[in-house]
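Structure assessment
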Amino acid sequence: NVRYFGKCKFNQEGLWVGVELDQDKGKNNGSIQGVSYFSCKDNHGLFIRPECVRRQGRGDEHGDTSMDIGREEKLGVNGSQSPRRKKGIDIELNHDSASLLIQTTYRKYMAKKEVDKLMAVRTWNILDNHNEEEILRKGKKFGRVSKQLQAETSYYNDDHDDFFEEHENESIDSDENAKTIEKLQQEAAQAVEKMTDEELDQLQVDNKYYSGPHLKFPLTLSNIKEMLEAFTNDQLLHYKYFMQLLLRAKRLFDEEETLQEITIPEPEPGKNPIRLTLVGDTHGQLQDLFTIFNINGSPSEHNWYLFNGDFVDRGKKGCEIIATLMAFKILYPNSVFLNRGNHEARAQNAWMGYEEELLSKYGKNKSTVRMLDVDIHSSLKLYTLNMAMFDSLPLCALIQKRVFVCHGGLFRNKVSLNHLRKINRKREPPLEGYSMEDKIYEDLLWSDPRPTSTYPRPLEERRASDRGAGCEFGYKVTDQFCAHNQVALVVRSHECVPEGFEVLHNGRLITIFSASRYCGTQTNKGAFMNFGHDLQPEIEQFYALANNTFLSDEERQVKLVSDTIHRIFEYVTDKRLDLYWYFTQNDVEHSGTVSRVDWSSGLTSVLGLQLPYLYYQNELAEVDEMGLVNYSKFLSRPQIHMGDRDSSWQDAIVKRVCKKLYALVGDDMEKAYRQFDTNDDGIIQFQEFIEMIKRLDNSITDEQIYELMRSMDVNDDAHIDYNEFAEKFKLDQANVESTLTHKIVEKVSNLLYQNRIQIEHAFRSLDVEGNGFVTREGFLARMKRISSVFETPLTTIEIEELANALDTNADGKIDYKEFFQGMSITY
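Here goes a summary of the coordinates provided. (Residues numbered from 1 in each chain as written. Predicted model: local features only at pLDDT ≥ 70, side-chain atom pairs only at ≥ 80, totals over all residues. Heavy atoms only, no water.)

Things to note about the sheet that holds strand E1 (residues 2–8)
The three strands are arranged E1-E2-E5 in an open sheet whose pairing can be described as antiparallel. Strand pairing shows two members of the sheet lacking a second neighbour, E1 and strand E5 (45–48), which therefore form its edges. Between one strand and the next, the sheet's axes are offset by a mean angle of 25°, whatever the strand orientation. Direction of pairing for E1 relative to strand E2 (residues 11–20): antiparallel, over a ladder of five bridges. Its bridge partner being in E2, Cys8 is matched across the sheet by Asn11. (Pairing = 2+ DSSP bridges. Helix = DSSP H or I, 4+ residues; strand = E, 2+ residues; numbered from the N terminus. Axes fitted to C-alpha atoms, helices over the stretch in contact; angles between N-to-C directions.)

Regarding the side chain of Thr258
Tracing the sequence through the fold places Thr258 in the loop between helix H6 (239–254) and strand E8 (259–262). Taking the relative accessible area as the measure of exposure, Thr258 reaches 4% and is therefore buried. Here Arg425 takes part through its side chain, which lies 3.1 Å from a polar atom of the side chain of Thr258. In this view, Thr258 contacts Pro394, Leu395, Cys396, Leu420, Arg421, Ile423 and Arg425; residues no more than four positions away in its chain are not counted. (Buried < 20%, exposed > 50% of the residue type's maximum accessible area, 1.4 Å probe, protein only. Polar contact = N/O pair within 3.5 Å; in protein donor to acceptor, adjacent residues only side chain to side chain. Contact = heavy atoms within 4.5 Å.)

Notes on the side chain of His130
Looking at the secondary structure, you find His130 in helix H1 (residues 95–156). For His130, a relative accessible area of 13% corresponds to the buried category. Setting aside residues no more than four positions away along its own chain, His130 makes contact with Tyr571 and Leu609.

Quick look at the packing of aromatic side chains
Tallying each qualifying case throughout the model produces 24 aromatic pairs. Ring plane angle 35° and centroid distance 6.1 Å describe the contact between Phe528 and Phe542, whose orientation is recorded as tilted. With Phe528 in strand E20 (residues 526–531) and Phe542 in strand E21 (residues 538–542), this residue pair connects regions lying 14 residues apart in the sequence. Accessibility classification places Phe528 together with Phe542 in one group, the buried group. Linked through ring pairs, Tyr4, Phe10, Trp16, Tyr37, Phe38 and Phe47 together constitute an aromatic cluster. Between the NZ or CZ atom of Arg517 and the centre of the ring of Tyr543, over which it lies, the distance is 4.0 Å. (Phe/Tyr/Trp six-rings, centres within 6.5 Å; stacked < 30°, edge-to-face > 60°. Lys NZ or Arg CZ within 6 Å of the ring centre and 35° of its normal.)

Some remarks on the pattern of salt bridges
Evaluation of the coordinates by the stated rule reveals 32 salt bridges. Two residues, Lys525 and Glu499, come together in a salt bridge whose shortest N-O distance is 3.4 Å. Taken together, the residues span a long stretch of sequence, with Lys525 in the loop between strand E19 (509–512) and E20 and Glu499 in the loop between strand E17 (489–492) and strand E18 (501–504) at a distance of 26 residues. A salt bridge links Asp563 to Arg567, with the shortest nitrogen-to-oxygen separation between them at 3.5 Å. With Asp563 and Arg567 both in helix H15 (residues 553–574), this residue pair falls four residues apart, about one helical turn. Overall, the relative accessible area of 22% leaves Asp563 in the partly exposed class. On the basis of relative accessibility, which here comes to 14%, the residue Arg567 falls in the buried class. (Salt bridge = Lys/Arg side-chain N within 4 Å of Asp/Glu carboxyl O.)

Topic: the nonpolar core
Counting residues in each nonpolar core, the largest one holds 55 residues, and the members touching the most others are Met227, Leu237, Phe242, Leu245, Phe307, Ile322 and Met326. Mapped by element, the contributors of at least two residues to this core are helix H5 (221–232), H6, helix H7 (286–296), strand E10 (303–307), helix H8 (318–331), strand E11 (336–338), helix H10 (354–361) and helix H11 (378–392). Formed by 52 residues, the second largest nonpolar core is a distinct cluster that contains Val561, Leu577, Tyr580 and Tyr631. (Core = buried A, V, L, I, M, F, W, Y, C linked by side-chain atoms within 4.5 Å.)

Observations regarding the pairing of E17
The side-chain alternation of E17 yields two buried faces, one formed by Leu489 and Val491 and the other by Val490 and Arg492. Where strand E13 (residues 403–406) lies against E17, three bridges are found, and the strand directions are parallel. Directly across from Phe404, in E17, lies its bridge partner Val490. In terms of strand pairing, E17 meets E19 through three bridges, oriented parallel. Along E19, the bridge assignment pairs Val490 with Leu509.

Considering the pairing of E19
Judged by which residues are buried, E19 turns out to be covered on both faces: Leu509 and Thr511 on one side and Ile510 and Ile512 on the other are all buried. Where E18 meets E19, four bridges bridge the pair, whose relative direction is antiparallel. For Phe501, the partnering residue across the bridge sits in E19 and is Ile512. Here E18 hands over to E19 after four residues, with His505 in that stretch at a positive phi of 50°.

No statement about biological role is implied by the geometric values presented.
This is the structure we're talking about:
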């Protein structure tokens, strides 16, 4: 019998049908999560979607055999015998066949739901790895110019206002700049080395502004618990105490070996046995760390911990996690161990969030840095000391000489434990190093095992990594490493896995990941691993205890797919010109459409990402009644939103381009059209348009040509007919300018958006007081330096127009932070 139809609190999306079965093959008694929708015997109730219910047989008493799911009075279940009455409707039921149909349909529904989840997780992880590769690539591209900017900053911040003008044309690789950079690095290192406990003890906390926890040294467990309680209430630790924790912990790490050798003592009669808990990535997700402590107990002399890297970035509580780990390391130096991850590095922190988090939480005007003697450079000193602490972290660990633990993975070469012991680790982790030592260092932090549930492509030996750093290695590499070093098991972290752990390579390798519901979009569990003296691993899974709004797994799934689509559109925006060209080559009939297969192949070829585009086609692009994708409309969907800023800089660029284009067309419209239509087929194709514009004026960029043609192609058929051409180039330059407003500037908008994190970071180093502003002169000089690394650099006029618009009140100061953080992509 159908007993209920409508919405249910256990899942607010769509409608549900409550069915009472005659046999105990259901799931409930009509109640779910404390809410009663109808009453029946235990295991006789079942909730299914309306599309899973149908009726077969004679129909109702009016002879209507149709099934209108949208009407409550016409619900039924499949059957052929024993007609029953429900609200005046005849429903034929055969108990076994009805039960079988419902169960089969339900299983199909759940199977599809699981496939959707696995597909979303796999796609998101591929995009996340590609994003990391992009960040590395951009970091390398921006690296040299960033070094020069650092050198400039040292002069500029000392009131040398004319420095930018004097050094504007110097080479990045000039000897003077190289010496300045080296000097800055040496001074920073010396400042950390000279820092003393007494110096920090002398800092006076201004309690008028600060109400958070106070630390006293030597630390006590109760003192640490006070700090953790403050963190649960979103209170920050004062600058003074954070500095003290970092300095004291750094000294402890300095004395430890690169390869930590951990021995778990044998249990003593009458005493609690000592166990070692291995924790994977936490990535600024403080609630995961607290959940582990709640389940497993906080660190103590009998409850040892090994934290396996990636403590920061992504999440918003990296500072709190670092403070917590440092405090427990200081309290229990022989019971708490840390390995360095790839995110304990300046290059990653600059782009992935931790640098911005720390500098914003400990900026000049924050209560966390209010002291009687205010130092406007305090946040920079704190960050420098934090990075120095990261440099001192060990890289790997060996438990009972049998279990090898590192953050990333194994190596491109045959490596022994002695090689690891000899690595010079106290430096920024190398990327693309040439020496074997650098490659080993990189692999320890970056490499990944294959195949996995997310990356099923087979592998036995080694291949280049999709991350752009480290390598991917198969089971033979793991077997060879274990045999060569007499190791029984390799444990690593570094990758989000659905269950929080994954056993690979015939049980020789285990991945442990401890950030549950990663980034707020994933539905993965977190996990940690316990070892006793006998080295029998015990793995426990968990979901972090929620301290804020709780999202159901269904809601997280929707959010995950939305984030995935957003990331795909970001890459589409960046490669829009190449995609348009690719699609036009496949569009032999010049209809402006391509097949779904050609559309998917184009995305794979141009974006260089093996993603299930067809699976997400409904979210990405519409198809017409013939099943074809209008690629012109598809490429027009993502638009870069520049915030609520004055757009006069865009208008100025448009005006200059329009003048050139108008001059090219002249007053003979038909003659101009024939010049563009070189093959005389009556339409102007994309390649024809590009070639003619380039021939007439090669100063106009491909991006500008693309946007011009897109603005002219009114009906989105990927070519320009005479009417469209004439409409845009009427003998009225003002009309041309108005119709092209915000179109020609795609190059500028896209460059700023795709590199917004790196550009903002470059300005942040100039922003001494941390208030989000830089001078107009500094903005112009830095944008010119930054633009030099672009394939199509911004012109001086474009940069000046942008600066004019951002200087809203003409006071010579530019709010760069608000501008770049206000940029977004819509579709």
